[in-house]
Amino acid sequence: MKEVRHIYPVFDQLVSRESKEWLLQQHSRVVWFTGLSGSGKTTIAKEAEKVLYEMGHTTMLLDGDNVRSGINNNLGFSHEDRRENIRRIAEASKLFLDCGIITLCCFVSPTEELRQLAKSIIGPKDFIEVYVNAPIEECERRDVKGLYAKARKGEIADFTGISAPFEAPSHPALELKTQGRKEEDCVKELLNFLLPIVRLDIAI
Ligand code: ADP
């Protein structure tokens, strides 16, 4: 890590996260969706965000393509760049977390190392790992963005599930299996799990 000089953080002088959570009437968390491309991370997160909004919650959804076309548009797919991609996303998520915002992160994040990095930046209590699980054959059949076909033809190097590994999380907070299930049922399962955590009135 680079030496940080002449920097004087003022976190302790700011309006607290608790005050902002009170204002927004919710507990903030980072929900970290991990899973193969096409497993259903974005689909589920987008639908869940709509329901949360209708219930009066304030959310932020961060998704791979959006982030890579903006804040991380200078990063590629080397090991170092993938790590930096996740590090910046986790740091950005922490800013939203500290604003009291429920933050939904949709990133393949294929290795334990990358997810641990995110968890260590966000903090274990606030990091909720959701494993969106569909078999590789199913993701390839869906091929939402045509990426699997390109990866098979060798047009994309190190493509997760084809030419780069995906390490399934060993202890996710929640595992959502999406093959052969309706999207709305997966969204319901997520919200049944999440609402007791984020709702101020029923949170434990
Ligand atoms: P990811 O964000 O993981 O790359 P997407 O959400 O972009 O995946 O794509 C998932 C695709 O799978 C969508 O076309 C969606 O309609 C389809 N799908 C089928 N069943 C489900 C389900 N139960 N949950 C989520 N997506 C599903």
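All values derive from a computational prediction rather than experimental measurement.

Enquirer: Any chance you could explain the nonpolar core here in plain terms?
Expert: Nonpolar side chains in soluble globular proteins tend to end up buried together. Counting residues in each nonpolar core, the largest one holds 22 residues, and the members touching the most others are F33, I44, L104, V130 and L190. Counting only elements with at least two residues in this core, the list comes to strand 1 (30–34), helix 2 (41–54), strand 3 (102–106), strand 4 (127–133), strand 5 (174–177) and helix 8 (183–198). Sequence-distant contacts of V130, defined by excluding residues within four places in its chain, comprise V31, W32, F33, T34, L174, L176 and L190.

Enquirer: Before we go on, may I ask you to explain unusual backbone geometry in this structure?
Expert: Negative phi is the rule for most residues except glycine; trans is the rule for most peptide bonds. At H6, a residue that is not glycine, the phi angle is positive and equals roughly 60°. Looking at where H6 falls in the secondary structure, it is placed in the segment before helix 1 (17–24). One non-glycine residue with positive phi stands out, namely S109, at about 30°. Here S109 lies in the loop between strand 3 and helix 5 (112–122). With relative accessibility at 3%, the residue S109 sits in the buried group.

Enquirer: I tried to follow the packing of helix 2 against helix 8 on my own but got confused; where do I start?
Expert: Interhelical geometry of helix 2 versus helix 8 gives an angle of 60° and a closest axis separation of 9 Å. As summarised for this structure, helix 2 and helix 8 are arranged oblique, according to the angle between their axes. In this structure, helix 2 meets helix 8 at a crossing whose hand is right-handed. Contact residues: T43, I44, E47, A48, V51 and L52 in helix 2; E183, C186, V187, L190, L191, L194 and L195 in helix 8.

Enquirer: Would you explain the site of the ligand in this entry?
Expert: G38, K41, T42, T43 and E183 are the nearest of the 16 residues found near the ligand. The contact in question runs from an oxygen atom of the ligand to an N or O atom on the backbone of G38, over 2.7 Å. About the coverage of the ligand: the protein hides 81% of its 570 Å² of free accessible area. Elements with a contribution of two residues or more to the shell around the ligand: helix 2 and helix 8. Tallying contributions element by element places helix 2 first for the shell around the ligand, with four residues. Here the residues of the shell around the ligand sort into four nonpolar, seven polar and five charged.

Enquirer: Would you mind going over the environment of V31 with me for this structure?
Expert: Relative to the elements of secondary structure, V31 occurs in strand 1. Overall, the relative accessible area of 1% leaves V31 in the buried class. A sequence separation of 99 residues divides V31 from V130, and the C-alpha atoms of the two residues are 6.9 Å apart. V31 has contacts with T103, L104, C105, I128, V130 and L194, leaving out every residue within four places of it along the chain.

Enquirer: Explain the packing of aromatic side chains here, please?
Expert: Any aromatic ring pair is given by two values, namely how distant the centres are and how the planes are angled relative to each other. This model, assessed by the stated rule, comprises four aromatic pairs. With 5.8 Å between their ring centres and 35° between their planes, W32 and F107 make a pair best called tilted. With W32 in strand 1 and F107 in the loop between strand 3 and helix 5, the pair connects residues that are 75 residues apart, well separated along the chain. Residue classification places W32 among the buried residues on the basis of a relative accessible area of 0%.

Enquirer: Looking at this structure, I do not really get the side chain of T178. What am I missing?
Expert: In this structure, T178 sits in the loop between strand 5 and helix 8. In this structure the side chain of T178 is engaged in a polar contact, spanning 3.3 Å, whose partner is the side chain of R142.

Enquirer: Just checking my understanding: could you explain the sheet that holds strand 2 (residues 59–63) for this structure?
Expert: Backbone hydrogen bonds hold the strands of a sheet together, and the pairing may be parallel or antiparallel. Pairing within the open sheet is parallel, and its five strands lie in the order 2-3-1-4-5. Each edge of the sheet is formed by a strand with only one pairing partner; in this case those strands are strand 2 and strand 5. Across the sheet, the axes of successive neighbouring strands diverge by a mean angle of 20°, strand direction being ignored. Here strand 1 pairs with strand 4 via five bridges, running parallel. What sits directly across from F33, in strand 4, is V130.

Criteria and thresholds
Residues numbered from 1 in each chain as written. Predicted model: local features only at pLDDT ≥ 70, side-chain atom pairs only at ≥ 80, totals over all residues. Heavy atoms only, no water. Core = buried A, V, L, I, M, F, W, Y, C linked by side-chain atoms within 4.5 Å. Buried < 20%, exposed > 50% of the residue type's maximum accessible area, 1.4 Å probe, protein only. Helix = DSSP H or I, 4+ residues; strand = E, 2+ residues; numbered from the N terminus. Contact = heavy atoms within 4.5 Å. Axes fitted to C-alpha atoms, helices over the stretch in contact; angles between N-to-C directions. Parallel < 35°, antiparallel > 145°, perpendicular 65-115°, else oblique. Left-handed = near helix turned anticlockwise from the far one by under 90°. Near = heavy atom within 4 Å. Polar contact = N/O pair within 3.5 Å; in protein donor to acceptor, adjacent residues only side chain to side chain. Areas by Shrake-Rupley, 256 points an atom, 1.4 Å probe, with all protein chains shown as cover. Nonpolar A, V, L, I, M, F, W, Y, C, P; charged D, E, K, R; others polar. Phe/Tyr/Trp six-rings, centres within 6.5 Å; stacked < 30°, edge-to-face > 60°. Pairing = 2+ DSSP bridges.

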